[in-house]
Amino acid sequence: MKKETLLRRLPQVDEVLKAPPGERWLNRHPRAHVLRAVREAIGEKRKEIISGGAPDVSIEGLLPDIEQRLAGFGLKSLRRVINATGIVIHTNLGRALLPPGAAQNAARIASSHSNLEYDLMDGKRGRRLSHIKRLLTETTGAEDGTAVNNNAAAVLIALNSLSQGKEVIVSRGELVEIGGSFRLPDVMASSGALLREVGTTNKTRIADYEKALCSQTALILKVHRSNFRITGFTEEAGIGELSALGKKTGIPVMFDLGSGCLIDLGPYGIHSEPTVGEIIKEGADIVTFSGDKLLGGPQAGIIVGGAGHIEKIEMNPLARAMRMDKMSLSALEATLMEYGDPEAAKRNIPTLRMLLEGPASIKRRALRLARAIKRHSGAAKKADISVLEDFSQTGGGALPGIDLLTYAVSVRAEWISSNRLEGNLRAGSPPVVARIKDDALILDARTIGDEEVLEAAGCVGAALAKEALS
Ligand SMILES: *Cc1c(COP(=O)(O)O)cnc(C)c1O
């Protein structure tokens, strides 16, 4: 058939709307969505014809495309995904999962009035941060504590409050980039503090800090190397040594810990991460860390330390610009409360649970996933599915260089490349994010929830079948 004929036969929008499913669409979807879906579907056919194709131009031929578009318009852009990467604190996948109790608390506070800034004893205005202060001091041993929107903000406001226009001494080995363009020298410049670099990339001694002290010094800053390690011919001044120097000279010492762990991970073979409490005990005056990294709570930037410093930070006008909202604050309070019982915290805080789960238990979940994929009819039967040993990463700028023994399901199929399979999974519902290794699709069971196993298996089955059909 000629192009012109096909184009002429393409149905009009009105005709499509009058067809039997038209009324059903209009009952279920906003009119604007229906019109857009029909127009786009017709437009797609037109394009196909113009580029030489001969598609089905009947109304029936348009229906599947319209239905699919309508379903898509209803979807939220920000959606749940299944994390099969094994990366526990995956910044791109939303970092920490809230403990269920914290999520419930946030939902309750969000949908009701609350005493957010109201003192119920006095019937007067109260303070937003009062809800978490005692928890922050109890869990860290610090004299006082406060919180802002995220740790980048915590570092910025602390530097601005304590050292604007003055010098801050930092080791050249700690001028880090955290990612998402958070570079320490730039943050410092924005805060109005003047960077005074000391030492070298691999070696900075306490004497280097001592030599740099002058009448312009406001702060000594130590920064956690969150996402890399320096090994070999190295030396650094510990927080204890720096704090002693600070005490001797009257200069406060701040440690940007980044991740901020509240319980000892040593018994689990993770010895590289001192707790916030240990850092405070060693004499740090100010410690900053994230709410949604190892702590396992909502996005937040927590600042703990001496009461005088915390007061200065809370009085800073920037505090208002960076203040936490009630949902995050209520989730943070509930998460911090979990730490009252550290054993329960390891079970109830998903970040800790995923991080500390033993290989045997991960292996059981991987086997269950592999079996469930094989049970799927059709295409999945012919795929090559096995369980293998692998390593997962903590991610999120925490515990760099530590490999966690894990188990993963490997999927290979003759009729589809691993890249296509990975793409199909991402496009599925819910999307599953996996990785590719040695040309096989790898689903790491560490970060897949027990309750997600069957769903994930269904997604893999569908992703395999999609290609087998076409
Ligand atoms: C992650 C990190 C930050 C930034 O924290 P956010 O909560 O992502 O804003 C700052 N400093 C260090 C050392 C970090 O690891």
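In this text the structure is predicted, and so the values were computed from the model without any measurement.

Draft legend 1. Highlighting the pattern of salt bridges. Applying the stated criterion to the full structure yields 33 salt bridges. Among the ionic pairs, Arg24 bridges to Glu67, the shortest N-O distance being 3.1 Å. With Arg24 in helix H3 (residues 20-28) and Glu67 in helix H5 (residues 59-74), this residue pair connects regions lying 43 residues apart in the sequence. For Arg24, a relative accessible area of 33% translates into the label partly exposed. Given a relative accessible area of 31%, Glu67 falls into the partly exposed group. A salt bridge links Glu117 to Arg125, with the shortest nitrogen-to-oxygen separation between them at 2.9 Å. Accessibility expressed as a relative area gives 65% for Arg125, which makes it exposed. It is possible to trace a salt-bridge network through shared partners that takes in Arg36, Glu40, Glu44, Lys47, Asp65 and Arg69.

Draft legend 2. Geometry of a positive patch on the surface. Positive charge collects at one region of the surface, where Arg368, Arg371, Lys374 and Arg375 lie side by side. Assignment of secondary structure puts Arg375 in helix H18 (residues 359-375).

Draft legend 3. Expanded view of the environment of Thr139. For Thr139, the position within the fold is in helix H7 (residues 130-140). If sequence neighbours within four positions are ignored, Thr139 has contacts with Leu262, Leu336 and Tyr339.

Conventions we followed
Residue indices follow the written sequence of each chain, beginning from 1 at its first position. Owing to the predicted nature of the model, reporting of local features is limited to residues with pLDDT of at least 70; listing and counting of side-chain atom pairs is limited to 80 or more, with chain, interface and lining totals taken over all residues. With hydrogens and water excluded, all non-hydrogen atoms of the structure serve as input to the side-chain values. The salt bridge criterion pairs a side-chain nitrogen of Lys or Arg with a carboxyl oxygen of Asp or Glu, the two atoms within 4 Å. A run of DSSP states H or I qualifies as a helix once it reaches four residues; a run of E qualifies as a strand once it reaches two. Both are numbered from the N-terminal end. Only protein chains enter the area calculation, which uses a 1.4 Å probe; residues under 20% of their type maximum are buried, those over 50% are exposed, and those in between are partly exposed. What makes a patch is a set of residues exposed beyond 30% relative accessible area and free of salt bridges, joined within 9 Å when like-charged and within 5 Å when nonpolar (Val, Leu, Ile, Met, Phe, Trp, Tyr). Per-residue accessibility takes into account occlusion by the displayed protein chains alone, with areas from the Shrake-Rupley method and a 1.4 Å probe. The convention is simple: Lys and Arg are positive, Asp and Glu are negative, and His and the chain ends are not counted. Taken as the charge centre is NZ of Lys, CZ of Arg, CG of Asp or CD of Glu, depending on the residue. In this analysis, two residues are considered to be in contact whenever any of their non-hydrogen atoms come within 4.5 Å of each other.

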